Amino acid sequence: MPHLEPEQIAAFLERTLSAPAHAQVEGHLVECRDCRTEMLEVEHIIRTVPGARRWAAVPLLAAAAAAVVLVVALPGRRAADSPHREPAVQSSLAPTTVAPNGSVPRLERLTWTGVMGADRYRVALFDTAGQVLWETTVSDTTASVPATVSASLDASGSYFWSVRARVGWDRWTESGLTEFRVAEPGAMR
Ligand SMILES: [Zn+2]
């Protein structure tokens, strides 16, 4: 299934899709972090941009209810946040991945830039299918990767990682995905 269109996500949040289409979109959201991030933006647009109401076939309270349901379905998914948040704040506060990036000898730790006011960071490793291979939450801007995780990587494979910063109660900003490859996945064993 290709990535979701904003209109599909909006229809999902507003529960205007047919049951099979709703299930299909939900299945994609569970698997695809990119589209979950997109969903946060669509939610924000629906709530804050008057012109976006063209999507709204039902009251916005229904969208909030759908988001609450997704909190249960998606671990780590935040609840609907403050309607007063400005988009510029979100983008300016996103953390940036530092290492690994590109080809590295081995994977020992993940490092990123800190975000002012962030009290914790959640990092995740993905395979090319978008499956989460490992995830952890730390207060530092670096995280050690367990040797068992490093050793499980394939020397010929591409992997991705991203970091999210918690910048308020139940408010997170996320870096882009960074691709990397490891020359000696099992070196730490
Ligand atoms: Zn997607």
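Residues numbered from 1 in each chain as written. Predicted model: local features only at pLDDT ≥ 70, side-chain atom pairs only at ≥ 80, totals over all residues. Heavy atoms only, no water.

*Asks:* Where do I start with the environment of Leu110 in this structure?
*Replies:* By the element assignment, Leu110 lies in strand β3 (residues 109-112). Once the C-alpha coordinates of Leu110 and Pro100 are considered, the two residues, 10 residues apart in sequence, prove to be 6.3 Å apart. (Helix = DSSP H or I, 4+ residues; strand = E, 2+ residues; numbered from the N terminus.)

*Asks:* When you look at the coordination of the zinc ion in this model, what are you seeing that I'm missing?
*Replies:* In ideal tetrahedral geometry, four donors around a metal make angles of 109.5 degrees, whereas ideal octahedral geometry with six donors gives angles of 90 or 180 degrees. Within the protein, the zinc ion binds to His3 (ND1), His28 (NE2), Cys32 (SG) and Cys35 (SG); these donor distances fall in the range 2.0 to 2.3 Å. Its four donor atoms give the zinc ion angles of 97 to 130° at the centre, a pattern that matches the tetrahedral case. With relative accessibility at 47%, the residue His3 sits in the partly exposed group. (Donors = N, O, S within 2.8 Å, 3.2 Å for Na, K, Ca; no water. Tetrahedral: all angles 85-135°; square planar, octahedral: opposite > 155°, others 65-115°. Buried < 20%, exposed > 50% of the residue type's maximum accessible area, 1.4 Å probe, protein only.)

*Asks:* Mind showing me how you'd approach the packing of aromatic side chains here?
*Replies:* Two aromatic rings are characterised by how far apart their centres lie and by the angle between their planes. On inspection of all chains with the given rule, the structure shows three aromatic pairs. A centroid spacing of 6.1 Å and a plane angle of 35° characterise the contact between Tyr159 and Phe180, whose relative ring orientation is tilted. With Tyr159 in strand β7 (residues 159-168) and Phe180 in strand β9 (residues 178-182), this pair connects stretches of sequence that are 21 residues apart. The rings of Trp112, Tyr121 and Trp161 are connected pair by pair, giving a single aromatic cluster. Cation over ring: Arg122 sits above Trp172, and NZ or CZ is 4.5 Å from the ring centre. The residue whose ring lies beneath Arg164 is Trp172, and the NZ or CZ to ring-centre distance is 5.3 Å. (Phe/Tyr/Trp six-rings, centres within 6.5 Å; stacked < 30°, edge-to-face > 60°. Lys NZ or Arg CZ within 6 Å of the ring centre and 35° of its normal.)

*Asks:* Can you walk me through the sheet that holds β3 in this structure?
*Replies:* Within a sheet, adjacent strands bond to each other through the backbone by hydrogen bonds, running parallel or antiparallel. Strand order in this open sheet of three strands is β1-β3-β6, and the pairing throughout is antiparallel. In this open sheet, the two strands that pair with only one neighbour each are β1 (97-99) and β6 (142-144). Across the sheet, the mean angle separating the axes of adjacent strands is 25° when strand polarity is ignored. In this sheet, β3 lies alongside β1 in antiparallel orientation, the contact comprising two bridges. Pairing of Thr97 across the sheet is with Trp112, part of β3. (Pairing = 2+ DSSP bridges. Axes fitted to C-alpha atoms, helices over the stretch in contact; angles between N-to-C directions.)

*Asks:* I'm lost on the pairing of strand β4 (residues 120-126) in this one. Help?
*Replies:* Across the seven residues that make up β4, a large majority, six, are buried. Of the pairings in the sheet, the one linking β4 to β7 comprises seven bridges and is antiparallel in character. Within β7, the position partnered with Arg122 by the bridge is Arg164. Two strands pair when backbone bridges link them, and β4 and strand β5 (residues 132-138) are joined in this way by six bridges, in the antiparallel orientation. By the bridge assignment for β5, Leu125 is matched with Trp134. A loop of five residues connects β4 with β5, the two strands running antiparallel in sequence, and Gly130 in this loop sits at a positive phi of about 85°.

*Asks:* I keep staring at the nonpolar core and nothing clicks. Help me out?
*Replies:* Nonpolar side chains in soluble globular proteins tend to end up buried together. Ranked by internal contacts, the top residues of the largest apolar core, which has 21 residues, are Leu107, Leu110, Trp112, Val123, Leu125, Trp161 and Phe180. Looking at this core, the elements that each hand over two or more residues are β3, β4, β7 and β9. Element by element, the count of residues in this core is highest for β7, at five residues. By size, the runner-up hydrophobic cluster in this structure holds 11 residues, among which are Ala10, Leu13, Val25 and Leu29. (Core = buried A, V, L, I, M, F, W, Y, C linked by side-chain atoms within 4.5 Å.)

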